[in-house]
Amino acid sequence: SASPEPPYLRGLNAPQRQAVLTTEGPVLVLAGAGTGKTAALTARLAHLVATRRAWPSEILAVTFTNKAAREMKERVGRIIGEAVEGMPWLGTFHAIGARMLRRHAELVGLQSNFTILDTDDQLRLLKQLILAADLDEKRWPARLLAGLIDRWKNRGWTPAQVDAAESEGYANGKGAELYARYQERLKTLNACDFGDLLLHMLTILRTHRDVLEHYQQRFKYILVDEYQDTNQSQYLWLRLLAQERKNICCVGDDDQSIYSWRGAEVANILRFEKDFPGATIIRLEQNYRSTPHILATASGLIAHNGGRLGKTLWTEHGEGEKVQVVGIWDGPEEARRVGEEIEAAQRRGTRLDDVAILVRAQFQTREFEDRFIAIGLPYRIVGGFRFYERAEIRDALAYLRVIAQPSDDLAFERIVNTPKRGLGDKAVAKIHALGRAAGLPLLAAAAQILDSDELTPQARRALANLVGDFARWRARLDELPHPELARLVLDESGYTAMLQADRSADSAGRLENLTELTRAMEEYETLGAFLEHVSLVMDNDADRDAEKVTIMTIHAAKGLEFDTVFLAGWEEGVFPSQRALDEGGNASLEEERRLAYVAITRARRKCFIMHAANRRIYGQWTSSIPSRFVTELPDAHVTQENSMSGGESLWRANWSEYADPFADVARGTGRGPGWRRAVSGGFERVPPRVIEAKASAVSLGNPGRSDIEIGVRVFHS
Ligand code: ATP
Ligand code: MG
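None of these values were measured; they are calculated from a predicted model. (Residues numbered from 1 in each chain as written. Chains lettered and ligands numbered in written order. Predicted model: local features only at pLDDT ≥ 70, side-chain atom pairs only at ≥ 80, totals over all residues.)

Peer 1: Quick question: what am I supposed to make of the sheet that holds strand 2 (residues 59-63) here?
Peer 2: Either a parallel or an antiparallel arrangement is found when strands of a sheet pair, and the pairing is made through backbone hydrogen bonds. Taken together, six strands build an open sheet; the order of strands is 3-2-6-7-1-8 and the sheet is parallel. The sheet is open, and its two edges are formed by strand 3 (90-92) and strand 8 (280-284), each paired on a single side. Across the sheet, the mean angle separating the axes of adjacent strands is 15 degrees when strand polarity is ignored. As defined by bridge partners, strand 1 (residues 27-31) adjoins strand 7 (residues 248-252) across four bridges and the pair is classed as parallel. The partner of Leu-28 across the bridge, within strand 7, is Cys-250. Relative to the sheet, helix 3 (residues 66-80) contacts strand 2 and strand 3, its axis offset from that of strand 3 by approximately 165 degrees. (Pairing = 2+ DSSP bridges. Helix = DSSP H or I, 4+ residues; strand = E, 2+ residues; numbered from the N terminus. Axes fitted to C-alpha atoms, helices over the stretch in contact; angles between N-to-C directions. Contact = placed C-beta atoms within 7 Å.)

Next comes the structure, spelled out in structure tokens:
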């Protein structure tokens, strides 16, 4: 039928259309997973642009990840049939905050080329301040302070706004004072941390009417995805910007709120109607993503949470397969089994891009990586700072940061003696002292100290070389393509040579990572743009074109969907996490359950839930029991399989104090029964079958603790 309506409305259901067409006034879309919230938000964006209600540059659109921003941009481009040039305000809160702050940096005492610190820099800086305040860093770790400062920033609090009770949490009330000093230090370093990207902007909007009015005028429409995970500071920021025109549309799902540990507040959803009276509330109930079994499994699980806003979900999709719950022996077998399933799916025509393995914690990814490397299955790891967190990458970046911004003291400090060039702590302390006295950045202080006789001749020579190097590299910044400059710097600084000389097992891999780094740089116009990207991105997807299986944390998978999803490690202590169990409260357990709900609802057609009877966590073998979430799944929609039982039930003794019996068997000869030669060379574990297991409690004289003695007979095929 020839419909006169624009293509971006075609196929949308009635409430989705309402979300698109109610352009004026506040709108809140509150709906479950896979109901087309993001789709509706994207269509709304397209509609606003296509009907010329606003130019792309007049719309503020917030997504939760950089990946989601990219996808939304592409989708809008496809929908309105032209490349969307200049959607400068489409991105994550952090990216948008950084962009805004660069324009107004001077209002908070920064220059527009400020550096964005990562966690490592932040901790180093805090450590210095803690020591300077004569506190015992062991007793009052920098990490604790960093966590507090982060929390305060997420709430929109400047140091002056931190109340005494909160400040008590660190070094008997010194918390707020150290926070203030930290902010001062950041200012002198011309730097800010992630929390500042929003907090500084919030401060500016609150104290500079002209700036506030400028943005209130500019942003004719505001769109927010994953609204349930905004924190207080983000919420206040949005409210200020939307106050004038009130054209704000937020979409979210209270059941998918999974960032309360980072300060997100579901309460923001409930406040929406109060802050924006007369808001249109839209509910979507048709799920377009998953099969009925998957949907029912997720719904059945989340029903165990209390205090939900509650919602109905239905789908027109055909029956599909039940969710497959698979119990296996241990972590390596889990990886092996998942690898086999993926290869089988591939033979049936599933694309690797359509497969994801979702884990609760980063540590779980390694076993999959090992296995996939062994069988040659291409994979990518998404989420976290994995790639950019590696030491060699951080070192290389530090060199580049000093070149881009010679006053970047933290970067300078990181590499001043890497590779070793005879500039020990003493020399660095002297540079520091001079820098402080003269109010100079370290590199400038280093140049100056060369004129004095404060350094030993050896240190002086080394420093003169380094200072000369940086001057030379910086001079070439505009003339050499920056990836080439990076290669030159790595060579001339001796960094490459240092790795080449290193005989340890991973030095080859580290050299490869550096090559990968310079390759990644090619995608960016300038060194500055690249460094900005690095400080903002969470995901390492340098080669996003190749077809690969994705391994990621559930947190990183929010908003995404895959044909086939493997949910790994559903065991007590892994998922729900030990931390959530230790906290003991219902709140943290419910957040874990929401996370499980997010995990299941990523799957379109097939969903596997794995649990292992033995798990190595941070080097310790422990036996584990299936997650309570497994037992909460509705029976009618799952199949249970136990590859190791053969009729017997899983053996669950508490041997958390005991090392892996099979590793012990193997340890004698290096490799004993239980190991076989792997295709890739080396050895791999064979899944053993337990024939007999005996456990008895014995007292080894530790009061209050019974030790467990274990005997195991195993059968190896
Ligand atoms: P989540 O809560 O996980 O973020 P969501 O509500 O944002 O999910 P979307 O990702 O927008 O859901 O949509 C889920 C899937 O349904 C996508 O594949 C999308 O293309 C499809 N979809 C959305 N709306 C419709 C529709 N009206 N008709 C057909 N398919 C749709
Ligand atoms: Mg979404």
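Following the structure, the description resumes.
Peer 1: Can you help me understand the nonpolar core in this one?
Peer 2: Within soluble globular proteins, side chains that are nonpolar generally end up buried alongside one another. Grouped together as the largest cluster of nonpolar side chains are 119 residues, with contacts concentrated most on Val-29, Leu-45 and Leu-223. For this core, the leading source of residues is helix 17 (residues 391-404), giving nine residues. Among residues more than four places away in sequence, those in contact with Val-29 are Ala-19, Lys-37, Ala-40, Val-251, Ile-282 and Leu-284. Formed by 57 residues, the second largest nonpolar core is a distinct cluster that contains Ala-296, Ile-302, Ile-551 and Phe-575. (Core = buried A, V, L, I, M, F, W, Y, C linked by C-beta atoms within 7 Å. Buried ≥ 20, exposed ≤ 12 C-beta atoms within 10 Å, placed from the backbone.)

Peer 1: Looking at this structure, I do not really get the packing of helix 19 (residues 425-438) against helix 20 (residues 442-449). What am I missing?
Peer 2: Angle between the axes and distance between the axes are the two parameters that describe a pair of packed helices. For the pair helix 19 and helix 20, interaxial distance at closest approach is 8 Å and the crossing angle is 105 degrees. With respect to each other, helix 19 and helix 20 are oriented roughly perpendicular. Contacts between helix 19 and helix 20 pair Lys-430, Ile-431, His-432, Leu-434, Gly-435 and Ala-438 from the former with Leu-442, Ala-445, Ala-446, Gln-448 and Ile-449 from the latter. Classifying every residue of the contact of helix 19 with helix 20 gives seven nonpolar, three polar and one charged. (Parallel < 35°, antiparallel > 145°, perpendicular 65-115°, else oblique. Nonpolar A, V, L, I, M, F, W, Y, C, P; charged D, E, K, R; others polar.)

Peer 1: Help me understand the site of ligand 1, please; the structure alone is not making it clear to me.
Peer 2: Close to ligand 1 lie 18 residues; Gly-36, Lys-37, Thr-38, Ala-39 and Tyr-288 are nearest. Residues belonging to the shell around ligand 1 are distributed by class as follows: four nonpolar, 10 polar and four charged. (Near = placed C-beta within 6 Å.)

Peer 1: Explanation requested: the environment of Arg-366 in the structure shown.
Peer 2: Turning to its location among the elements, Arg-366 is positioned in helix 15 (residues 365-375). Its 14 C-beta neighbours within 10 Å are what place Arg-366 among the partly exposed residues. The sequence separation of Arg-366 and Ile-381 amounts to 15 residues, and the corresponding C-alpha distance is 9.8 Å.

Peer 1: Whenever I open this one, helix 20 confuses me. Can you help?
Peer 2: Turn by turn, an α-helix covers 3.6 residues, leaving residues three or four places apart pointing in a common direction. Burial in helix 20 covers these residues: Leu-442, Leu-443, Ala-445, Ala-446 and Ile-449. Viewed along the axis of helix 20, the buried residues span an arc of 160 degrees, placing them on a single side of the element. (Arc of directions from axis to C-beta.)

Peer 1: Sorry if this is basic, but what is going on with the UniProt feature "binding site: ATP" (unreviewed entry) in the chain here?
Peer 2: Within the UniProt annotation, "binding site: ATP" (unreviewed entry) is assigned to Ala-31, Gly-32, Ala-33, Gly-34, Thr-35, Gly-36, Lys-37 and Thr-38. Mapped onto the elements, Lys-37 comes out in helix 2 (residues 37-50). By the C-beta count within 10 Å, which is 26 here, Lys-37 ends up buried. If near-sequence neighbours (up to four positions away) are discounted, Lys-37 is found in contact with Val-29, Ala-31, Val-251 and Leu-284. (UniProt positions renumbered as here; feature names shortened; annotations may be inferred.)

Peer 1: How do you make sense of the environment of Thr-23 when you look at a structure like this?
Peer 2: Tracing the backbone through its elements, the reader meets Thr-23 in the loop between helix 1 (14-21) and strand 1. Separated by 21 residues in sequence, Thr-23 and Arg-44 place their C-alpha atoms 7.9 Å apart. Residues within four places of Thr-23 in sequence aside, it is in contact with Leu-48, Arg-53 and Asn-247.

Peer 1: When you look at helix 5 (residues 119-132) in this model, what are you seeing that I'm missing?
Peer 2: Along its 14 residues, helix 5 runs 20 Å from first to last C-alpha, staying within 8% of the 20 Å computed at 1.5 Å per residue. Turning to helix 5, its buried residues are Asp-121, Gln-122, Leu-125, Leu-126 and Ile-130. Residues of helix 5 that are buried make contact with helix 6 (142-154), helix 8 (175-188) and helix 18 (409-415). With its phi angle positive at about 60 degrees, Asp-134 sits one or two positions after the end of helix 5. (Expected span 1.5 Å × (residues − 1).)

Peer 1: Is there a simple way to think about the confidence of the model for the chain in this case?
Peer 2: Segments scoring low in pLDDT should not have their predicted coordinates read at a detailed level. Here the chain averages 83 in pLDDT, and 84% of its residues register 70 or above. Mean pLDDT in the chain bottoms out at helix 30 (residues 661-667), which sits at 38, and peaks at strand 6 (residues 221-224), which reaches 98. Scored below 50 in pLDDT, residues 538-543 shows 17 contacts in the model against residues more than four places distant or in partner chains. Scored below 50 in pLDDT, residues 645-679 makes 57 contacts in the model with residues more than four places away or belonging to other chains. (pLDDT = per-residue confidence, 0-100.)

Peer 1: Is there a simple way to think about unusual backbone geometry in this case?
Peer 2: Residues apart from glycine generally show negative phi values, whereas peptide bonds are mostly found in trans. Cis peptide bonds are those with omega within 30 degrees of zero, and the linkage from Thr-418 to Pro-419 qualifies with 0 degrees. Its place among the elements puts Pro-419 in the loop between helix 18 and helix 19. Pro-576 follows Phe-575 through a cis peptide bond whose omega is 5 degrees. Looking at where Pro-576 falls in the secondary structure, it is placed in the loop between strand 13 (562-567) and helix 27 (578-583). A positive phi angle, near 50 degrees, is found at Glu-226, a position not held by glycine. By secondary structure assignment, the location of Glu-226 is in the loop between strand 6 and helix 11 (232-242). Residue Glu-226 is classed as buried on the basis of its 25 C-beta neighbours within 10 Å. Despite not being glycine, Lys-246 shows a phi value in the positive range, around 60 degrees. Counting through the fold element by element, Lys-246 comes out in the loop between helix 11 and strand 7. By C-beta crowding, Lys-246 is classed as partly exposed, having 15 other C-beta atoms within 10 Å.

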